[in-house]
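# Structural overview for review
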Amino acid sequence: MIDWFGSAVGSALTAALLLGISCGVLGTFVVARRMALTGDMLSHAVLPGVVAGLVWSTTRTPLVVLGCAVVAGWLGSVVMQVILRTTRLKPDAALALVLSVFFAVGIAMVSRYQPSGVQAFLFGQVAAIDGGDLKLLVWVTVVVLLLVPWGFRVLRLVSFDPAFARLLGFPVRWVEAGFFLMLTVVIVIAMQAVGVVLVSAMLVTPAAGARFWSRSLSGMVWVSCVLAVLGGMVGVWISSVRTGLPTGPLMALAVTVCFVVSAWFGPEGGWLQRRLRVLRERRRIAGEDVLKRMWHAEQAGGDAGGVSVRVMKDLKAREWVGEGGLTEAGKRHARGLVRAHRLWETYLTERAAFKPDHVHDEAERAEHWIDDEQKRDLAEKLGFPEKDPHGSPIPPEEGTGGAE
Amino acid sequence: MNWEIWQDLLQSPTSLWLMLASAFTVMACGVPGTFLVVRRMSLAGDAISHSVLPGIVIGFLISGTLDSPWILGGAALSGWLTVMVIGWLHRSGSVREDAATGIVFTAMFAIGVVLLRLYAGKVDLDPDCVLFGNLETAIHGARVGVFGLDVPQIVLVTGGAAVLGWAMVGLIYHRLLVGSFDPSLAALTGQAPRRTESILLGVTALVVVAAFQTVGAVMSVALLVLPAASGLLMCRRVPAILGAVAGHAVISSIGGMVIATWAGCNLGASVVICGAVLLVLVWAVSLRKRNR
């Protein structure tokens, strides 16, 4: 174990693991609260503090650097609040102002004092995360892991309904301050791994990707941890195999790949899932249209004409069509469709002042989406009509008798 | 304040060129920045300023020099692409606009840095320069003779960017204005507001490329927003704001030079800090006005 932490790759992988966990947990809240760019602002605004800390403590004591950084980050958010309260500037401009001006102050200090070790904060260098930082990172991760599940409900309530939380007597301001403190600490440590610009990638990207796997906040926390850890470790691994490539950008890119994969294949609104749903609905509609045509033909005693093999297969799979034509279930479904169609036509002419010759196309679309409850509702509102505007009979509700 | 600083500044041609280059840079960024701020799109400027990096590196790999149309084209393309991808992600649901911005610009920036390292031998672009620019060395770069004057190329590049920014205003001022405040009127009168927006974003990408060498990726955001913000606090009408932007550019470049010489720090950062001081002054005046 000693050797593992001693080796460069080992400690880098450990750092990526711990960072992934803390970034994943906090990032979920950051994204859910629409603070993604506030996180970006914080990561730039802490720079003057970091530089001041490095200048002040030449031995690079993590706590000194961290303390100064937290002060600078706090100052940044205060300035932003002041701008928003006292000027006409909008949040986007205020954010951009604080972000870039604080960063400029930091850069001016860097070029003036040239403190050692600042490169890691600017460009990210996982190797720069040494024993002291790693120890701090372990503590931070433990605190995040202990505090967040413990305060999960409180933090969730404060995040989404601060007024209600205040009403319940929660110390909203303190919870917010604690969240902000943890966020700043994690940002400062993450900065050393990936650099000042790419902290956002570690915070925001995994959490945004997690949205495609789960809809609950706790589920998102888990998934975003997994994505961040996976991305971070893959980044470290690639960078150690191809030495010379910077770790930070590789971690950011790996996390982005995780996001893209989630956005494609995630079961909650991923591209593939949405695409499949569209295709499924399209197939249902095509099937229902054919079913209706066959039912009309059967009623009139005529021929339904040709039906594509694929649609026919689909209809048989749904058991709407059997060997000898329409099944009982198929007939029932077709009657439901016709009932929806004619009820909707009636509604449009009677209540929405459509001309009777303009309602067919509308109803042709709507019939696939009106469910039984809505049909009942429509019928009731229209006084249980028996004929549609064109004089065709509206099939009665199933189970109430009536002509076959 | 001792007068020697001023004497030194005025006597050395290098510092005059430096001031000129930074004034041009601020002017170039300030113009599209004004419209970004009034359209509440400052953060699109932030995204663009970071994501032109891969375009610059690829343009460099194709052409081999830092001043070729390939770089401008590549940068404009990658900036525009970023904004399009952000919009697309945001419209397709599940990812909100702020998160989409954070995802896309960091990914583009990361691609740029990796490319930069992969082809470190071929690309003569200092990674430092990406973050905070390096006007002091750029000014000693190639020189071009113009009317018998030995002009540093960077001055010409930033000057060109400034001309581009103001030319955009001169050519499509009305469209920019109407599109900023009343997009539906712009659409009704056939002004194609989305095309206007694309032009604005493209010009932003181009001026950011010029600003890249002077102040780097992050501080060009400051140059986009600062002049416009101080103009917005002083005046209510867009032409007046644009005038304020020009004034801001001149003052902050001179002041930045003074700060940089006095404190011995990076010039780009000093220009931004001077601009921030100006903003604070304007803010204080506006507070007094309001309280009276």
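Residues numbered from 1 in each chain as written. Chains lettered and ligands numbered in written order. Predicted model: local features only at pLDDT ≥ 70, side-chain atom pairs only at ≥ 80, totals over all residues.

## Considerations on the overall build of chain A
If you tally the helices and strands in chain A, you get 19 helices and 2 strands. A compact globule built from 404 residues would reach a C-alpha radius of gyration of about 22 Å, whereas chain A, at 31 Å, exceeds it by more than 25%. Seen through its C-alpha atoms, chain A measures out along the principal axes to roughly 95 × 50 × 35 Å. A sequence separation of at least 24 residues applies to 69% of the contacts in chain A between residues at least 6 apart. (Helix = DSSP H or I, 4+ residues; strand = E, 2+ residues; numbered from the N terminus. Rg over C-alpha atoms; globule rule 2.2 N^0.38 Å. Contact = placed C-beta atoms within 7 Å.)

## Let's talk about the overall build of chain B
Counting its regular elements, chain B contains 12 helices and 2 strands. Helices and strands in chain B line up, N terminus first, as α-α-α-α-α-α-α-β-β-α-α-α-α-α. The proportion of buried residues among the 292 residues of chain B is 54%. Intrachain contacts of chain B at a sequence separation of at least 6 include 71% that bridge at least 24 residues. (Buried ≥ 20, exposed ≤ 12 C-beta atoms within 10 Å, placed from the backbone.)

## Structural notes on unusual backbone geometry
One non-glycine residue, A:A353, adopts positive backbone phi at about 60°. For A:A353, the location among the structural elements is in the loop between α17 (328-351) and α18 (360-366). Judged by local crowding, A:A353 falls into the exposed class, with 7 C-beta atoms found within 10 Å. Backbone geometry places B:R40, a non-glycine residue, at a positive phi of 60°. Secondary-structure assignment places B:R40 in the loop between α2 (13-38) and α3 (42-63).

## So, the packing of helix α5 (residues 62-86) of chain A against helix α6 (residues 91-113) of chain A
Residues and elements named next belong to chain A. Packing of α5 against α6 leaves a shortest axis separation of 9 Å and a crossing angle of 145°. Between α5 and α6 lies a crossing whose hand is right-handed. Contact with α5, carried on its side by A72, G76, V79, M80, I83 and L84, involves P91, A94, L95, L97, V98 and F102 of α6 and no other residues of that element. (Axes fitted to C-alpha atoms, helices over the stretch in contact; angles between N-to-C directions. Left-handed = near helix turned anticlockwise from the far one by under 90°.)

## So, the interface of chain B and chain A
Facing the 49 residues of chain B at the interface are 47 residues of chain A. In terms of residue class, the side of chain B that touches chain A is made up of 33 nonpolar, 11 polar and 5 charged. (Nonpolar A, V, L, I, M, F, W, Y, C, P; charged D, E, K, R; others polar.)

## Re the environment of B:M19
All names here are of chain B. Inspection of the secondary structure puts M19 in helix α2. According to the C-beta neighbour criterion, M19 is buried, with 22 such atoms within 10 Å. As a C-alpha pair, M19 and S286 span 267 residues in sequence and 28 Å in three-dimensional space. Beyond its immediate sequence surroundings of up to four residues, M19 is in contact with S253, I254 and M257.

## Concerning the packing of helix α2 (residues 8-32) of chain A against helix α8 (residues 131-150) of chain A
All names here are of chain A. Packing of α2 against α8 leaves a shortest axis separation of 10 Å and a crossing angle of 30°. By the angle between their directions, the pair α2 and α8 is classed as roughly parallel. With respect to the hand of their crossing, α2 and α8 are arranged in left-handed fashion. Here S11, T14, A15, L18, L19, I21, S22, V25 and L26 of α2 lie close against α8, whose contacting residues are L134, L137, V138, V140, T141, V144, L145 and V148. Looking at the contact of α2 with α8 residue by residue, the classes come out as 13 nonpolar, 4 polar and no charged. (Parallel < 35°, antiparallel > 145°, perpendicular 65-115°, else oblique.)

## A closer look at helix α11 (residues 238-263) of chain B
Residue and element names in this part refer to chain B. Relative to the 38 Å expected for 26 residues at 1.5 Å per residue, α11 spans 35 Å between its end C-alpha atoms, a close match to the ideal helical length. Of all the positions in α11, only I241, L242, A244, V245, H248, A249, S252, S253, G256, M257, I259 and A260 are classed as buried. Once α11 ends, the next one or two residues include G264, with phi positive near 65°. (Expected span 1.5 Å × (residues − 1).)

## Considering the domain arrangement of chain A
Assigned domains within chain A: domain 1 (2-267) and domain 2 (274-381). One C-alpha centre belongs to domain 1 of chain A, the other to domain 2 of chain A; they are set 54 Å apart. (Domains from an automatic or database assignment.)

## Overview of α2(B)
Residue and element names in this part refer to chain B. Compared with an ideal rise of 1.5 Å per residue, which puts 26 residues at 38 Å, α2 spans 37 Å between its outermost C-alpha atoms and is within 8% of the ideal. For α2, the principal kink sits at V31 and spans about 30°; a proline, P32, occurs within the next four residues. For α2, a buried count of 20 out of 26 residues is recorded, marking the element as mostly surrounded by other parts of the structure. Phi for R40, located one or two positions after α2, is positive at around 60°. (Bend = angle between axes of the 7 residues up to and from the residue.)

## Focus on the environment of A:A165
All names here are of chain A. In this fold, A165 is placed in helix α10 (residues 162-167). Assessed through the 20 C-beta atoms surrounding it within 10 Å, A165 is described here as buried. Setting aside residues no more than four positions away along its own chain, A165 makes contact with L157, V158, F170 and V172.

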